[in-house]
Amino acid sequence: MEAYLGQTPRQQAVSPATPAANNQVMYSVQQQANQTINNQSAEQSKAEEDKKKTDDGTVFSEMQMSALMGFCGVSNWRDVPALYVHLRSIKDNFEARDIIREGMVEWQKENGIEIHKNIFLPEDLIKNIRAVKPNPTLVKGTSRVSDVEFTALVCLPLRPAEIEAKMFAEQAAASTEANRTKNEKEKQLKGESRDPPSNYWGVKLTVATTAALTSVCYGEKNRLYKNLMHLYEILTEDTVAQATLAFTPAYCRQITWAIIDDMKTYFGKRVMPEAFKKGFVVYPQTKLSDIFADIQFQREIARRTLPYSWRDTTGEELSGALGGLGGANGGTSKKKEGGGRGGSTAGSYDAFSMYPFGGQPQGQYVPPPPPPGPNPYQCPPVGTPLGHLHPKMRLFMTEYHKV
């Protein structure tokens with residue numbers, strides 16, 4: 001027999017220490033431990049289910065709601081586009097894709113603006129839209145972009161055979177989801193790139209399609225949509241539409257990349273819930289207006305992050321405000337993809353240095369020295385062989401002026 005310590009003498013009770021009493025205590029402790037484990041498992045399962053619902057877009061967390069309102073440029077959840085009301089009631093990504101495409105068609109009818117019909121929105125992009133992750137990595141200022149990010153790249157048209165191949169690839173990927181390796185999964189999440197437009201009409205349709213997709217997914221109150229519509233209005237002006245020859249493939253790539261780079265920056269900024277609670281919200285910013293004057297006057301658009309594969313390494317397509325920018329911008333040349341002019345291997349920053357031509361300011365082009373060797377148009381000394389001369393010059397020298 002023993003007394004319980006920590007009690008006053010009056011409260012100390014005497015209890016027999018019997019095996020039956022010890023067993024009863026051990027049973028109660030075990031029951032409590034099992035109940036704790038069951039509660040933890042239930043909480044973990046509930047957390048996993050909630051995360052799955054937020055990723056599917058059927059339930060939005062507080063963080064997702066604040067980020068979505070920031071992208072839409074609104075301060076009230078009721079002003080968020082109706083698309084997310086429909087996404088809550090469906091789980092199939094293919095059906096969500098059809099809803100987005102239908103919304104773009106309705107936007108085209110209401111505004112009377114032509115858009116690309118043959119675009120393809122990958123399933124991974126739909127997942128990112130539903131999970132409010134238009135820029136899933138939140139990385140800005142890079143030379144890489146893929147079709148799983150919400151940019152103008154996904155608004156570029158594809159051929160029917162390419163769309164069909166991508167549909168089959170998605171179905172095959174869904175059926176082998178559990179059997180894919182790490183490298184295969186990483187390749188899928190990175191997405192693919194697409195060819196940019198190569199003429200004025202392609203740029204105009206791409207801008208309109210991007211505005212339609214932005215309107216459906218994030219409404220028309222945000223600054224990104226307003227700037228896209230302003231850019232479309234500039235492209236439709238007579239002075240710009242009459243200068244279609246100035247929209248070379250390299251220049252079109254510059255415009256397209258400026259839009260993509262701006263959208264990556266815009267969707268790389270997520271508004272936190274505390275900002276709405278405090279009433280001081282800094283919405284994502286867009287700098288697309290910086291290129292309005294450049295496009296209106298067909299001036300070149302220099303972006304440090306322009307991908308090397310989009311640069312003109314031949315030096316034959318570009319001439320403008322930067323004076324023979326040559327290999328710095330745009331281009332799908334199969335020569336070496338260096339960042340510098342004329343196919344050099346300089347970095348992207350060197351391609352847009354302040355004094356790229358031997359200390360000369362931008363806009364003052366200094367032509368390179370003539371190549372070594374005889375000039376076929378220059379009169380040689382008497383007695384020099386005439387084999388290197390131009391045929392017309394040779395005829396002139398031999399027939400009309402005997403040497």
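On a predicted model such as this, the values are computed, not experimentally measured, just so you know. (Residues numbered from 1 in each chain as written. Predicted model: local features only at pLDDT ≥ 70, side-chain atom pairs only at ≥ 80, totals over all residues. Heavy atoms only, no water.)

Engineer: Honestly, the packing of helix α4 (residues 93–111) against helix α5 (residues 123–130) in this entry has me stumped. Any pointers?
Structural biologist: Working note: a packed helix pair is described by the angle between its axes plus the distance between those axes. Interhelical geometry of α4 versus α5 gives an angle of 80° and a closest axis separation of 10 Å. It follows from the interaxial angle that α4 and α5 lie roughly perpendicular. On the side of α4, the interface is formed by Asn93, Phe94, Ala96, Arg97 and Ile100, while α5 contributes Glu123, Ile126, Lys127, Ile129 and Arg130. In terms of residue class, the contact of α4 with α5 is built from five nonpolar, one polar and four charged. (Axes fitted to C-alpha atoms, helices over the stretch in contact; angles between N-to-C directions. Helix = DSSP H or I, 4+ residues; strand = E, 2+ residues; numbered from the N terminus. Parallel < 35°, antiparallel > 145°, perpendicular 65-115°, else oblique. Contact = heavy atoms within 4.5 Å. Nonpolar A, V, L, I, M, F, W, Y, C, P; charged D, E, K, R; others polar.)

Engineer: Honestly, unusual backbone geometry in this entry has me stumped. Any pointers?
Structural biologist: Phi at Val132 is positive, roughly 55°, even though this residue is not glycine. Residue position: Val132 is located in the loop between α5 and α6 (160–175). Despite not being glycine, Gln298 has its phi angle at roughly 55°, a positive value. One can find Gln298 in the loop between α13 (292–296) and α14 (348–351).

Engineer: What is the right way to look at the packing of helix α9 (residues 223–236) against helix α11 (residues 249–266) in this model?
Structural biologist: At a closest axis distance of 11 Å, the pairing of α9 and α11 adopts a crossing angle of 165°. As judged from the angle between their axes, α9 and α11 are roughly antiparallel. For α9 against α11, the interelement crossing comes out right-handed. Within the contact between the two elements, α9 uses Arg223, Leu224, Leu228 and Leu231 and α11 uses Ile259, Asp262, Met263 and Tyr266. (Left-handed = near helix turned anticlockwise from the far one by under 90°.)

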